[in-house]
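Examining the three-dimensional arrangement
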Amino acid sequence: MDSFEGRAWLDWWANSSTLLASVEVAVVIATSSTGWDAHGFVAGDDEEDRDGFAFLCDLDPVFILRFEDESTVAVTVHPAEERHRFTLTEYTEPADRPIDHVDL
């Protein structure tokens, strides 16, 4: 596969058994000399979905990118200036990791 363009979902898991959010996204993934390049945006115009997505990215940017065929890959979301747009990189660190959270 040289590229993929279509719908997918970014799933945010609190732990191995609790899915807290699933956001439908449109993504473009293409092979590159360094592996792959990916970018996309939150599908739909629901401001609540976009705000929730931005909140989760701030809390912990590691999501599971899930495709229609249910295949998955762990990714880190890098939000762009427009908070509903993003780039993705593959997450290769351990699945179990501490989360630092600071109350505002």
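1. Some remarks on the pairing of strand 1 (residues 3-15)
Regular strands place side chains that alternate from one sheet face to the opposite one. In this structure, strand 1 lies alongside strand 2 (residues 18-32), joined through twelve bridges in antiparallel fashion. Along strand 2, the bridge assignment pairs phenylalanine 4 with isoleucine 29. Adjacent in sequence and paired antiparallel, strand 1 and strand 2 are bridged by two residues. Pairing between strand 1 and strand 4 (residues 62-66): three bridges, direction antiparallel. Residue pairing across strands places aspartate 11 opposite isoleucine 64, the latter belonging to strand 4.

2. A word on the nonpolar core
If you look at the biggest cluster of nonpolar residues, it comprises 19 residues, and the most contacted ones within it are Leu10, Phe53, Phe63, Leu65 and Leu88. Among the elements of the structure, strand 1, strand 2, strand 3 (35-42), helix 1 (47-59), strand 4, strand 5 (72-79) and strand 6 (85-90) are those that each provide at least two residues to this core. Per-element tally for this core: the top contributor is strand 2, with four residues. Apart from the residues within four sequence positions on either side, phenylalanine 53 is in contact with Leu10, Val23, Val42, Phe63, Val77, Arg83 and Phe86.

About the thresholds
Residues numbered from 1 in each chain as written. Predicted model: local features only at pLDDT ≥ 70, side-chain atom pairs only at ≥ 80, totals over all residues. Heavy atoms only, no water. Pairing = 2+ DSSP bridges. Helix = DSSP H or I, 4+ residues; strand = E, 2+ residues; numbered from the N terminus. Core = buried A, V, L, I, M, F, W, Y, C linked by side-chain atoms within 4.5 Å. Buried < 20%, exposed > 50% of the residue type's maximum accessible area, 1.4 Å probe, protein only. Contact = heavy atoms within 4.5 Å.

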